[in-house]
Amino acid sequence: MVNITNGKNNVEYLVNEIELYKKNIERLELIFEAAKEGMWDMDDDGNVRFFNSSFYKNFDVSLDKSTLNEWIHLVHPEDKHLFSENVVMQKIKRIEVFKSQYRVKNKNNEYVWIEAIGKAQYDADGNMIFMVGAHVDITERKEHEKKILFMAYHDNLTSLPNRNLLEKYINEGIKNCKSGALLYINVKDFKYVNDVFGYDIGDKALIRISKKLEKNSGNDGFVSRISGNEFVLLLDSIFNRDKIEQKVKYVLEELEQKIDIEGRIIKISTCIGIARFPNDGIVAKEIIQNANFAMTIASKKITPSYEFFDLGLRNKLLRERTIDNSLKTALENNELFICYQPIICAKTGKVASMEALLRWNNVDLGVVSPFEFIPIAEKNNAINKIGDFVLEEACRQGNILNEKYNAKLRVAVNVSVIQLMQNGFVSKVISIIENTGVDKNNVILEITESCAIETNIDIIEKIVKLRDYGILIVVDDFGAGYSSINNLIQLPIAGLKIDKSIIEKSLANDNVFYMMQAVVAYAHNMKMTVVAEGVEDKLMLDRIRGLNVNYIQGFYYSKPISFNEVIEYMENNKSI
Ligand code: C2E
Ligand code: MG
Ligand code: MG
């Protein structure tokens with residue numbers, strides 16, 4: 001028998017429970033509606049039992065009785081496979097929780113990025129009963145990630161690919177057996193553009209340059225900005241040297257065109273280094289570095305210029321860089337010393353002076369010729385300190401020789417134009433002479449002729465001051481390279497040293513011989529003495545005598561010898 005009172009109570013209880021349940025559902029729905037994410041609930045047949053409208057109203061799906069297929073229909077074609085793979089995996093592999101990201105078309109026909117997280121429930125036999133999950137719109141995060149990725153691979157100013165992307169691109173190309181040429185483009189003296197026109201205009205000029213290069217890259221080219229003023233133009237399909245050269249010339253011509261930025265006319269000059277791949281390298285870093293080597297060589301020429309990579313050139317440049325580096329510490333490591341080569345009086349056959357010739361012995365490089373290291377020292381300014389050392393050492397040793405053996409013996413020291421350009425050079429020379437105690441009239445400075453000497457008033461004034469102080473100034477290497485009659489007329493020089501090369505020519509060619517005879521006669525008229533350099537044997541000596549030079553220097557008499565050997569030489573020739 002049913003207890004009516006109890007039955008009534010049970011019904012009431014059930015009604016209350018149902019009400020509570022309904023309220024809970026309503027509450028849950030409210031929470032889901034308020035949520036920014038999409039919530040879904042799907043049975044094992046793919047029928048969606050619940051979609052919260054706040055999220056899914058933005059998509060073309062039925063909110064009351066949608067299916068999985070309806071959703072898949074909106075997924076981006078490229079991501080569909082990924083989506084279905086995930087669902088299949090879920091069913092087969094019975095992974096309780098899955099996570100995936102894909103694009104879905106919204107009602108505005110735009111694709112948004114969705115992150116889907118799902119959790120499935122399985123029965124005792126392992127069959128899926130249902131799956132619930134959430135969809136989160138991660139479009140903004142994806143955009144941000146894309147931006148960061150773009151920034152990691154692109155240059156901020158020009159939006160061109162940067163070195164990272166260039167390297168990736170080349171390496172992938174090489175993997176796919178591509179061949180081509182890498183043009184390493186350096187915009188020379190760009191700092192000057194920034195200084196003169198300001199950074200704003202400078203930036204715009206760089207953007208303009210990048211556009212010019214992009215225009216030149218063609219269909220299969222690739223342009224990259226790899227440092228402030230350096231770009232790379234990659235030509236994927238050109239390998240033939242003539243064709244590359246043709247293209248390079250065209251690019252150089254384009255880049256040389258004036259750039260007009262807000263009425264400011266900018267003219268830039270460029271140089272290009274070219275490396276071909278796979279010949280000049282099989283990994284991106286190597287190819288770029290080799291093109292950079294070629295560019296450094298090209299930059300030494302008159303611009304616009306270009307150079308193809310060449311192993312010999314690279315080794316030369318590497319040696320130059322090693323010399324440049326090691327030279328900076330050569331003095332403090334006591335690697336430098338002086339040898340002397342006697343200069344003989346043509347009439348008496350006696351030693352008149354000794355030319356100080358610098359020697360460098362480095363642990364790694366061995367003995368390096370001054371022909372090789374002096375020009376590098378001139379470039380990196382090490383020549384000033386090195387020059388001071390030579391002058392000081394030569395004056396000190398010269399003084400020893402004067403006091404011990406021959407008071408009239410002179411010491412000749414080579415001086416670079418760079419040294420002459422220094423402020424305070426004259427006072428420095430004077431103080432070295434006075435500190436070492438050598439007789440100033442026994443000091444000769446040998447200066448190699450150059451255009452700078454002829455045109456730089458400051459240098460001419462210094463030479464005059466040194467001459468007035470009592471030092472003899474001699475022009476070295478006359479007749480080799482730069483030779484100017486102007487110098488002979490305007491400089492207060494005491495003598496000329498005729499270069500070995502012109503001496504050799506005058507032996508082989510009568511016309512040169514007669515011309516040199518005239519030069520010597522002119523020098524004597526101007527009260528200058530003349531030295532013939534590089535006399536190696538008796539035959540040369542006899543012929544040279546016909547030039548009527550005052551002094552002779554060369555291996556015939558002696559090679560450059562160490563100071564100890566000079567002492568020995570003086571001991572054995574005390575009468576000289
Ligand atoms: P330079 O001043 O014209 O010196 C003459 C060069 O010719 C020396 O070479 C000498 O060894 C070489 N020589 C002398 N006689 C003969 C010969 O009969 N046959 C041949 N084949 N060569 C001969 P070195 O010592 O190698 O010096 C080369 C150049 O380096 C010098 O030419 C000079 O321009 C520069 N140099 C050497 N020492 C110094 C220095 O202390 N300061 C500066 N600024 N330059 C220096
Ligand atoms: Mg010399
Ligand atoms: Mg010389």
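About the thresholds
Residues numbered from 1 in each chain as written. Chains lettered and ligands numbered in written order. Predicted model: local features only at pLDDT ≥ 70, side-chain atom pairs only at ≥ 80, totals over all residues. Heavy atoms only, no water. Axes fitted to C-alpha atoms, helices over the stretch in contact; angles between N-to-C directions. Helix = DSSP H or I, 4+ residues; strand = E, 2+ residues; numbered from the N terminus. Parallel < 35°, antiparallel > 145°, perpendicular 65-115°, else oblique. Left-handed = near helix turned anticlockwise from the far one by under 90°. Contact = heavy atoms within 4.5 Å. Nonpolar A, V, L, I, M, F, W, Y, C, P; charged D, E, K, R; others polar. Pairing = 2+ DSSP bridges. Donors = N, O, S within 2.8 Å, 3.2 Å for Na, K, Ca; no water. Buried < 20%, exposed > 50% of the residue type's maximum accessible area, 1.4 Å probe, protein only. Near = heavy atom within 4 Å. Polar contact = N/O pair within 3.5 Å; in protein donor to acceptor, adjacent residues only side chain to side chain. Areas by Shrake-Rupley, 256 points an atom, 1.4 Å probe, with all protein chains shown as cover. 1 Å grid on protein atoms, 1.4 Å probe; cavity = no way out; pocket = protein on both sides within 12 Å on 5 of 7 lines; lining within 4 Å. Sits in = over half its atoms within 2 Å of the grid points. Domains from an automatic or database assignment.

Engineer: How would you explain the packing of helix 11 (residues 311-327) against helix 12 (residues 370-379) if you had to name every residue and give the values?
Structural biologist: Pairs of packed helices are described in terms of their axes, by the angle between the two and the distance that separates them. The contact between helix 11 and helix 12 brings their axes to 10 Å, and the two run at 70°. When the interaxial angle is binned, helix 11 and helix 12 end up roughly perpendicular. Both helix 11 and helix 12 take part in a crossing whose hand is right-handed. Between helix 11, through Arg319, Glu320, Ile323, Asp324 and Leu327, and helix 12, the contact on the second element is made entirely by Glu372, Phe373, Ile376, Ala377 and Lys379. Looking at the contact of helix 11 with helix 12 residue by residue, the class counts come to five nonpolar, no polar and five charged.

Engineer: Give me the lowdown on the pairing of strand 5 (residues 128-137), citing residues and values where you can.
Structural biologist: The sheet contact formed by strand 1 (residues 38-43) and strand 5 spans six bridges and is antiparallel. Looking at the pairing, Gly38 lines up with His135 of strand 5. Bridge count between strand 4 (residues 111-122) and strand 5: nine bridges; the pairing is antiparallel. Bridge pairing links Tyr122 to Met128 in strand 5.

Engineer: How would you summarise the coordination of the magnesium ion (ligand 3) if you had to cite specific residues and measurements?
Structural biologist: Around the magnesium ion (ligand 3), the protein contributes the donor atoms Asp476 (OD), Asp477 (OD), Glu533 (OE) and Glu533 (OE), which lie 1.9 to 2.5 Å from the metal centre. All donors to the magnesium ion (ligand 3) come from one chain, and their sequence spacing reads D-D-x55-E. The metal-metal distance between the magnesium ion (ligand 3) and the magnesium ion (ligand 2) is 4.1 Å, with Asp476 serving as a donor to both. On the criterion of sequence distance, the pair formed by Asp476 in strand 18 (residues 472-478) and Glu533 in the loop between strand 20 (529-532) and helix 21 (538-545) is long-range, its members being 57 residues apart. Of the residues examined, Asp476 reaches a relative accessible area of 4% and is grouped as buried. For Glu533, a relative accessible area of 11% gives the class buried.

Engineer: Pulling in residues and values, what's your account of the site of ligand 1?
Structural biologist: Surveying the vicinity of ligand 1 reveals 22 residues, the closest of which are Arg359, Asn414, Asp476, Glu536 and Phe555. In the environment of ligand 1, an oxygen atom lies 2.8 Å from a nitrogen or oxygen atom belonging to the side chain of Asp476. Isolated, ligand 1 exposes 800 Å² of accessible area, and the fraction of that covered by the protein chains is 86%. For ligand 1, the cavity whose grid points lie within 2 Å of the majority of its atoms is the largest pocket. Of all elements in the fold, only strand 14 (351-362), helix 12 and strand 18 reach the threshold of two or more residues within the shell around ligand 1. For the shell around ligand 1, the element with the highest residue contribution is strand 14, accounting for four residues. Residue composition of the shell around ligand 1, by class: nine nonpolar, five polar and eight charged.

Engineer: I'd like a rundown of the domain arrangement of the chain, residues and numbers included.
Structural biologist: You can read the domains of the chain as domain 1 (35-143), domain 2 (155-321) and domain 3 (334-573). Once you take the C-alpha centre of each, domain 2 and domain 3 turn out to be 44 Å apart.

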